[in-house]
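Chains, contacts and geometry: an overview
Each chain, letter by letter, is given below.
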There are 2 protein chains.
Amino acid sequence: MKIAIDAMGGDDAPVAIVEGVKKFLSEDHETKIRLFGPSEALAKLIETSEQLEIINTTQVVEGNDEPVAAIRKKKDSSLVRAAQDVKDKQSDGFLSCGNTGAVLAAGIFVIGRIKNVERPALMPTLPTKVKGVYYNMLDVGANAESKAKYLVQFAQMGSIYAEDLRGVKNPVVKLLNIGSEEHKGDELHQTVHQELSQLPEINFQGNIEPNEIMAAKADVIVTDGFTGNAVLKTMEGTMKTVLHLLKDSLMTGNITTKLGALLVKNDLGNLASQFDNSRFGGAVLLGVNAPVIKGHGNSQAQTVYYAIKQVKEMISEQTVTKFRNLYQ
Amino acid sequence: MKIAIDAMGGDDAPVAIVEGVKKFLSEDHETKIRLFGPSEALAKLIETSEQLEIINTTQVVEGNDEPVAAIRKKKDSSLVRAAQDVKDKQSDGFLSCGNTGAVLAAGIFVIGRIKNVERPALMPTLPTKVKGVYYNMLDVGANAESKAKYLVQFAQMGSIYAEDLRGVKNPVVKLLNIGSEEHKGDELHQTVHQELSQLPEINFQGNIEPNEIMAAKADVIVTDGFTGNAVLKTMEGTMKTVLHLLKDSLMTGNITTKLGALLVKNDLGNLASQFDNSRFGGAVLLGVNAPVIKGHGNSQAQTVYYAIKQVKEMISEQTVTKFRNLYQ
């Protein structure tokens, strides 16, 4: 089993990526890592071994590069070469924490869509208000325009992922919509609701409203890429704002407040860590011909470590083969 | 100046509504209130006067009534009668805290759209992370399906409202989109971006991403009704979840935590009140032939009071006349 990793993607690349690889290799003694980036620089950070190969690349896809142009022009970038490695069957899965659009484009155009999958979807695993209970949401932004049949496949693939990778039996699938009744929402969501109701292989439980996303009422939340992206960014922004204002208010208060803040510091830290996404690895690009994981841009070693484990599990579980069988 | 109020709409109607009316009348000695509901019950809660008339109605639109059917069948409901009062020019503005869909339907079908306004939009005034700085967002759910020309008018009407009602000079208008560059998003948002760039009468400053909504970077945020509704509900849900978990964690902690919680209690209260929507009145239905305000379903007297003031100000500022002049 071999995993191709873009060493140059993410805010703290290559150091955070390499540290994550080291942590993974300290525990796993069979999986092979093929690390793509400038070999001279990487060799200073990590020693090659039977398990770790460094493949030299000369270009880097930047965060503000236009994705499709970057894929076309930066053929010798760590991101494109790592994806190409999977396409060439040198590796079985691909991880990058770089430019989201470019990772999606590499997944779709280099590694390629599974036959009969209409559109791949980007899917993170996210925390709910209940400790230890998570959900998958897809699509969160691989597609700006959506059709009903895309979302139906998202429901099928998301359900298989939740069952196989997260071990959820008969996962509850819900459709994100602006009302709980089936006639709510626009034509797209009404049609998807109807079609999901008729699928025997998934456990579809109707609509979920956006204020209930974190309420641990669904294992898989299906949404179109525009709404999913908007909702995910809204959650991130709101959470960040509230926690920031809270910290501000406690730090700038009077002596009583400051003493109180000191006493509740641990509890606040625990709360923040409940929503810390580092343990969930990265977002999966479902529907392409190999496991493709997009790690968060600000990933530290810990997140990279979990994301590598995630690629490995998807390879072991043969998730992609299951999708292929579903649509062949 | 006369305002028609649905006394029976909202979780705590009619008591919260009547209390709000009382508070308003204790300060305002010229505006007339026409209160719609069962006169016998209402007469026990408030005394009629030169300024306050009670108009007897026999039906109530419930929260789970199908909106359009409710408007058609419950002709003698407090909600429909109050809207009809505006249509009949007995009142100059309409307030209800009832069934959102029914208030929208009453605004659109009873009071009617302004000529040449494509679609009315629902628009709340919301708090940012900066104390005392607010923004308007529209549409947050009057329309499940949207076209570019609707959103262009939302930008124009929202800008006039922010300038006249909130006193913001040359309000910054942004388009909610899943990327900051103009080519981001679906075709709808790309087209709207282009059209807004060409409007000289508004101060359009490009896209805003959903994680920046609360960052006080725009006075008016334009969005389609599906996304706007989803994003608003996501903010509400996330904020509620975080504050709830915070409270939970402080209340169930050890003795140190509990002591700390006691010391920071006021600060947490202040933080929660910064996002308390009671002071912003209700959401305006822009684009109909009179000021129509939908108060939050859980409105207490304070919110009702502010919502009545809001109707009054819209009447005084002749906001609707300005919209009419824009599109005549």
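Higher on the page you've got the structure.
The structure presented is a predicted model; accordingly, all values stated were derived computationally and were not measured.

1. Things to note about the overall build of chain A
For chain A, the helix and strand inventory stands at 11 helices and 12 strands. Burial analysis of chain A (328 residues in total) assigns 56% to the buried set. Pairs at least 24 residues apart make up 69% of the contacts formed inside chain A by residues separated by at least 6 positions. Total accessible area on chain A is roughly 13,900 Å²; 47% of this is exposed by carbon and sulfur atoms. Measuring between centres, the 36 positive side-chain charges of chain A sit 1 Å from its 39 negative side-chain charges.

2. A short note on the sheet that holds strand E3 (residues 52-56) of chain A
Residue and element names in this part refer to chain A. Strands sit in the order E3-E2-E1-E4-E12-E11-E5 across an open sheet of seven strands; the sheet is mixed. Two strands close off the open sheet at either side, each with one partner strand: E3 and strand E5 (121-123). On average, each strand axis in the sheet is tilted by 25° relative to the strand beside it, whichever way the strands run. Pairing of strand E2 (residues 32-37) with E3 involves five bridges; the strand directions are parallel. Bridge pairing in E3 places Leu35 opposite Ile54. Here helix H6 (residues 148-165) sits on the sheet in contact with E5 and strand E11 (283-286), set at roughly 130° to E11. Along the sheet, helix H10 (residues 301-316) makes contact with strand E1 (2-6), E2, strand E4 (93-96), E11 and strand E12 (292-294), crossing E4 at roughly 160°.

3. Regarding unusual backbone geometry
Residues and elements named next belong to chain A. Ala13 connects to Pro14 through a cis peptide bond whose omega is 0°. You can see Pro14 is positioned in the loop between E1 and helix H1 (15-27). The phi dihedral of Lys89 falls on the positive side, at around 65°, and the residue is not glycine. On the secondary structure map, Lys89 appears in the loop between helix H4 (78-87) and E4. On the basis of relative accessibility, which here comes to 72%, the residue Lys89 falls in the exposed class.

4. Description of the interface of chain A and chain B
Taken together, the 47 residues of chain A in the interface contact 47 residues of chain B. Where chain A abuts chain B, roughly 4,000 Å² becomes buried across the two surfaces, and 75% of that area is made up of carbon and sulfur atoms. Seen at the junction of chain A and chain B, the total is two salt bridges. Across the chain A-chain B interface, the total number found is five residue pairs in polar contact (both at pLDDT 80 or more).

5. Observations concerning the relation of the copies chain A and chain B
It takes a turn of 180° to lay chain A on chain B, together with a shift of 0.0 Å along the axis; the resulting RMSD is 0.0 Å. In short, the pair behaves as if placed about a two-fold rotation axis. No C-alpha of chain A approaches the rotation axis more nearly than that of Gly260(A), which lies at 1.9 Å. In this assembly the copies share their binding face: 100% of the residues contributing to the interface of chain A also contribute to that of chain B.

6. Notes on the pairing of strand E7 (residues 134-138) of chain A
Residues and elements named next belong to chain A. Among the five residues of E7, four are classified as buried, and the element is accordingly described as predominantly covered. Note: strand E6 (residues 125-127) against E7, three bridges, orientation antiparallel. Of the residues in E7, the one forming a bridge with Thr125 is Asn136. Here E6 folds back onto E7, and the loop between the two strands holds six residues, one of which, Gly132, carries a positive phi near 85°. Two elements, E7 and strand E10 (residues 220-222), share three bridges in a ladder whose sense is parallel. Following the sheet pairing, Asn136 is matched in E10 by Val220.

7. Details of the pattern of salt bridges
All told, the structure shown has 26 salt bridges over all chains when counted by the stated rule. Between Glu118(A) and Lys149(A) there is a salt bridge, and its shortest N-O distance comes to 4.0 Å. Within this pair, whereas Glu118(A) is found in the loop between helix H5 (100-111) and E5, its partner Lys149(A) is found in helix H6, the two being separated by 31 residues in sequence. Using a relative accessible area of 43% as the deciding quantity, one classes Lys149(A) as partly exposed. Note that Arg34(B) is salt-bridged to Glu53(B), the shortest N-O span being 3.1 Å. With Arg34(B) in strand E2 (residues 32-37) and Glu53(B) in strand E3 (residues 52-56), this residue pair connects regions lying 19 residues apart in the sequence. Since its relative accessible area comes to 42%, Glu53(B) is described here as partly exposed.

8. Points about helix H4 (residues 78-87) of chain B
All names here are of chain B. Burial runs high along H4: seven of the 10 residues are buried. Of all the positions in H4, only Ser78, Leu79, Val80, Ala82, Ala83, Asp85 and Val86 are classed as buried. Elements that come into contact with the buried residues of H4 comprise strand E1 (2-6), E2, helix H3 (67-73), strand E4 (93-96) and helix H5 (100-111). Looking one or two residues beyond H4, the residue adopting positive phi is Lys89, at roughly 60°.

Criteria and thresholds
- Residues numbered from 1 in each chain as written.
- Chains lettered and ligands numbered in written order.
- Predicted model: local features only at pLDDT ≥ 70, side-chain atom pairs only at ≥ 80, totals over all residues.
- Heavy atoms only, no water.
- Helix = DSSP H or I, 4+ residues; strand = E, 2+ residues; numbered from the N terminus.
- Buried < 20%, exposed > 50% of the residue type's maximum accessible area, 1.4 Å probe, protein only.
- Contact = heavy atoms within 4.5 Å.
- Areas by Shrake-Rupley, 256 points an atom, 1.4 Å probe, with all protein chains shown as cover.
- Lys, Arg positive; Asp, Glu negative; His and termini not counted.
- Charge placed at Lys NZ, Arg CZ, Asp CG, Glu CD.
- Pairing = 2+ DSSP bridges.
- Axes fitted to C-alpha atoms, helices over the stretch in contact; angles between N-to-C directions.
- Buried area = accessible area lost by both parts, 1.4 Å probe.
- Salt bridge = Lys/Arg side-chain N within 4 Å of Asp/Glu carboxyl O.
- Polar contact = N/O pair within 3.5 Å; in protein donor to acceptor, adjacent residues only side chain to side chain.
- Least-squares fit on C-alpha atoms with pLDDT ≥ 70 in both.

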